[in-house]
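Observations on chain architecture
Okay, here's what each chain looks like letter by letter:
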Amino acid sequence: MKKVILILSFLFVLVSFSPSLFEIIHQKDIPPDRVFTLEHNYLFDFNFYVSRIREGLPAQAGQENRWQVTEKYYNQPHSGSLFQVVYLYLGKMGGVFGLDPVTIYHLSRIIFGFLLLWLIGKYVGNFFWPLVAFLLIVTSGSWPILVKAGLPAQAGNLPRFATYMGWWSAIDSLQRITFLPHVLIGQIFLLIFIIEFGHHRLLVSSRARNERGDPVGITVVSRDCFSLDKLGIAMTLFKHALKYGLLGFVSGIIFPPTIIIAYAFFGVMSVLEFISIKHSKLKKWFMENIVPRLVFFVFSLPSLIYMQLMFKVMPWSALPLFDIQHRMPLPYWEYARALGPVLPLGLAGMIIAILKKESKLKPVIAWVFSVVLLFLIFENVPQQSPLRFTEAMIHVPLGILAAYFFYWLWQLTHVIARSPDEIGTTWQSRAPACAGRNTRKQVARFLDFARNDNANLILMLSKIIRASVYFIITAIVLMGLGVMVSMVLWLTDQSVSKRTGTWKVPIGAQLVYPLKDFMDGIYFLRDKIPGESVVLGYVTGGNYIPAYTKHSVYIGHANTPNEDGKEKIAIKFFSGKMTETESREFLKKERISYIFFGPQEREVGGLTDLSSAYPFLRPVYKNNQLIIYSVASSRS
């Protein structure tokens, strides 16, 4: 079973990464005036993350070798922070092997995507029909929308599937497997916390004993530890919670939603446990379940406090401000359809599990409720949209519950197929005390029906139900695989469009590989301009420069404070509408030393030579598409 999960995890990661492999294989087909860049998900964010990786590379070949993140999309002096610091340290680790930032980013996608799938496979091993659960979880995706689209050269314009909420790649069944590295790491931590704190796991003593023969110390995990000394139990539980509390702090720095989701899960899980626990075991439950969760909370909470403090400091305050100003609502009905078949099947499994009081599934149920609770809470929190919590992997507990639903149906067929006398005996021994007269009458009628020459009919019925279970599971998995294959086709079409696009520079939905002249200008900044200068370009040039050089920019990403206002000022400058005095004061105030004047800057300003408007600018590099100017001092 473990080997099967391992192989399946590798294959799913390979399929998820296949659009990137397609790009790599076909890079030879790129027009000679373009440069191959293996961008992922959203271009502007990709360069943003790569710039963080570059900051962590060793101090060789002019790299920065930082220990804290600085905002390269901000041009004023500022203190470092831990925002996206995971990319900086990925840069340090990858730099040891001589890897470039883009390779480090994509290797991280593969490694952490595989680890997450492997951990999910390990987790579902605790429940019913683990292989079925794993397949339902990994392939679970949107209800398919059949369309006829695509590039004829790629797929013959054959029908394929579109999806609900296709604009939010975090929930797409294919893309989420090798999604953003920091999100994958956050999800790995979340699953670890749910495994460690979501089940009744106690620590038992070692075989060491004191002079009276009583057990002392605690070393391994189990359920039965009723004779241990209380101090030993308390100390071991504390150490256990402390270890994961520190991991919670790390995960809160890497991906803050992780511990918010964990807190919600702890709260819901504690309520469900409290409802079902006997009064005589309350103290034991509090010490063994609640105290460790409180310790985790205390040691992980500083990460959120740190974030809130940094959000009050420039330029880090731009991030929550952007989320407030560009709040994205969560369309719940579309989201429900985007979850696909695992939503109704998972809810059906949840209802049965609650009715049957399946304590084993209590953490899974708590996981679902905690995500729903966060949706409701963050509808009223302006700093964050509930859309962010679609990354809480709700498809994992729903997939487990869906597998349980099918398992219950399959078990039901075995009950039906038994002889009437065997069913009657089992019912009499196991009938709940609360079973009323009507229930007992219905059971008796069923047994009479079965005895009256209808045994063959009942056996046939059980076989039909069993075959239907297998058929439906197979159909759902195949449908999920069909959606994943369709997404591979959509993404490979996208890479073909990047090769054939004619836009001068990529921006927004205008996907295209960058011009060779454009990138040559950036390479000149990287190789020939020493130090850490501030460079003024428009949006696309400003976005690329920090990803390939160690220079900062005036604008280039949503994390730039007052980005909209700065864009207007940049347009005014590139249009030549500033006087020489105004332009000098502007460049001095913003600490700008170089001007990146490429295709987009020409387009927004309408000029072909900036030095005609600002004579103090001196060209230091020029090609067919781009000029780089240095800003001469006022004395020269």
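Residues numbered from 1 in each chain as written. Predicted model: local features only at pLDDT ≥ 70, side-chain atom pairs only at ≥ 80, totals over all residues. Heavy atoms only, no water.

On to the overall build of the chain, then. When helices and strands are counted, the chain shows 23 helices and nine strands. Taking all contacts inside the chain whose residues are at least 6 apart in sequence as the whole, residues at least 24 apart take part in 70%. Accessible surface, the chain: about 30,100 Å² in total, of which carbon and sulfur atoms supply 63%. (Helix = DSSP H or I, 4+ residues; strand = E, 2+ residues; numbered from the N terminus. Contact = heavy atoms within 4.5 Å. Areas by Shrake-Rupley, 256 points an atom, 1.4 Å probe, with all protein chains shown as cover.)

Note that S497 resides in helix α18 (residues 455-500). With relative accessibility at 33%, the residue S497 sits in the partly exposed group. Here the alpha-carbon distance between S497 and V512, two residues 15 residues apart in the chain, equals 7.0 Å. (Buried < 20%, exposed > 50% of the residue type's maximum accessible area, 1.4 Å probe, protein only.)

All right, on to the pattern of salt bridges then. Here the structure, examined in full by the defined rule, presents 11 salt bridges. We note a salt bridge from R52 to E71, for which the minimum N-O separation is 2.9 Å. Of this pair, R52 sits in helix α2 (residues 43-56) while E71 sits in the loop between α2 and α3 (85-96), and the two are 19 residues apart along the sequence. A salt bridge links R388 to E391, with the nearest nitrogen and oxygen atoms 3.2 Å apart. For R388, a relative accessible area of 25% translates into the label partly exposed. Among the charged side chains, a network of salt bridges with common partners joins E23, E39 and K498. (Salt bridge = Lys/Arg side-chain N within 4 Å of Asp/Glu carboxyl O.)

The next thing to look at is the nonpolar core. Ranked by size, the top nonpolar core spans 156 residues in total, and within it W367, L536, F573 and I595 carry the most contacts. Ranked by residue count, the leading element in this core is helix α7 (residues 181-197), at 11 residues. Once residues within four sequence positions are removed from consideration, F573 is found in contact with L536, M578, S583, F586, L587, I595, L610, Y614 and L617. The next biggest cluster of nonpolar side chains, apart from the first, holds eight residues, and it includes V69, V85, I253 and M307. (Core = buried A, V, L, I, M, F, W, Y, C linked by side-chain atoms within 4.5 Å.)

Okay, the side chain of E590 next. When you line up the elements, E590 lands in the loop between α22 (580-589) and β7 (592-597). Despite its burial, E590 remains without a salt bridge, the nearest opposite charge being carried by K589 at 4.6 Å. Beyond its immediate stretch of four places on either side in the chain, E590 contacts N75, Q76, V534 and Y554. (Lys, Arg positive; Asp, Glu negative; His and termini not counted.)

This part is about the sheet that holds strand β5 (residues 534-536). The pairing of strands in a sheet happens through backbone hydrogen bonds and is either parallel or antiparallel. A sheet is described by the order of its strands in space; here five strands give the open sequence β6-β5-β7-β9-β8, paired in mixed fashion. Edge positions in the sheet fall to β6 (552-553) and β8 (617-622), since each has one partner strand and no second. Summarising the sheet, β5 and β6 pair through two bridges and their orientation is parallel. Bridge pairing links V534 to S552 in β6. This element, helix α21 (residues 563-574), spans β5, β7 and β8 of the sheet and lies at about 75° to β7. In the packing of α22 onto the sheet, the strands contacted are β5, β7, β8 and β9 (627-631), and the crossing angle to β7 comes to about 110°. (Pairing = 2+ DSSP bridges. Axes fitted to C-alpha atoms, helices over the stretch in contact; angles between N-to-C directions.)

Tracing the backbone shows S173 in the loop between β2 (159-162) and α7. Note on S173: relative accessible area 2%, which makes it buried. When neighbours within four sequence positions are excluded, S173 is seen to be in contact with V138, T139, S140, G141, V483 and M484.

Looking now at α2. Between the first and last C-alpha of α2 there are 21 Å, a value that for 14 residues agrees with the 20 Å anticipated at 1.5 Å per step. Within α2, 13 of the 14 residues are buried, which leaves it mostly tucked inside the rest of the structure. (Expected span 1.5 Å × (residues − 1).)

So, on to the packing of aromatic side chains. Counted under the stated rule, the structure contains 42 aromatic pairs. On the basis of an interplanar angle of 75° and a centroid distance of 5.1 Å, the ring pair of Y123 and F127 is categorised as edge-to-face. On the basis of relative accessible area, Y123 is assigned to the buried category, the value being 0%. Three or more aromatic residues joined by ring pairs make a cluster, and in this case those are F189, F193, F197, Y244, Y263, F265, F266, F296 and F297. Across the ring face of W490, the terminal group of R160 is positioned such that the distance to the ring centre comes to 4.5 Å. (Phe/Tyr/Trp six-rings, centres within 6.5 Å; stacked < 30°, edge-to-face > 60°. Lys NZ or Arg CZ within 6 Å of the ring centre and 35° of its normal.)

This brings us to the packing of α2 against α3. As a packed pair, α2 and α3 sit with axes 6 Å apart at the nearest point and diverge in direction by 50°. Relative to α3, the element α2 is oriented oblique. Along this stretch, α2 crosses α3, giving a crossing that reads as right-handed. Between α2 and α3, the contacting residues are Y49, R52, I53, E55 and G56 on the first element and Y87, L88, G91 and K92 on the second. The residue inventory of the contact of α2 with α3, partitioned by class, reads four nonpolar, two polar and three charged. (Parallel < 35°, antiparallel > 145°, perpendicular 65-115°, else oblique. Left-handed = near helix turned anticlockwise from the far one by under 90°. Nonpolar A, V, L, I, M, F, W, Y, C, P; charged D, E, K, R; others polar.)

A rise of 1.5 Å per residue sets the reference length of helix α19 (residues 516-528), with its 13 residues, at 18 Å; its end C-alpha atoms lie 17 Å apart and thus fit the reference within 8%. Buried residues of α19: F518, M519, G521, I522, F524 and L525, and no others. In this structure, the buried residues of α19 make contact with β5, α20 (539-548), β7, β8 and β9.

What follows concerns a nonpolar patch on the surface. There is a patch of nonpolar side chains on the surface, built from I7, F10, L11, L14, L21, I24 and I25 and spanning about 620 Å² of accessible area. In this structure, L14 sits in helix α1 (residues 2-25). The exposure class of L14 is partly exposed, given its relative accessible area of 40%. (Patch = residues over 30% accessible without salt bridge, like charges linked within 9 Å, V, L, I, M, F, W, Y side chains within 5 Å.)

We now examine the packing of helix α9 (residues 257-276) against helix α14 (residues 362-378). For the pair α9 and α14, interaxial distance at closest approach is 8 Å and the crossing angle is 125°. Considering their axes alone, α9 and α14 lie oblique with respect to each other. Where α9 crosses over α14, the handedness of that crossing is right-handed. Across from I260, I261, A264, F265, V268, M269, L272, E273 and S276 in α9, the residues of α14 making contact are K362, P363, I365, A366, W367, F369, S370, L373, L374 and F378.

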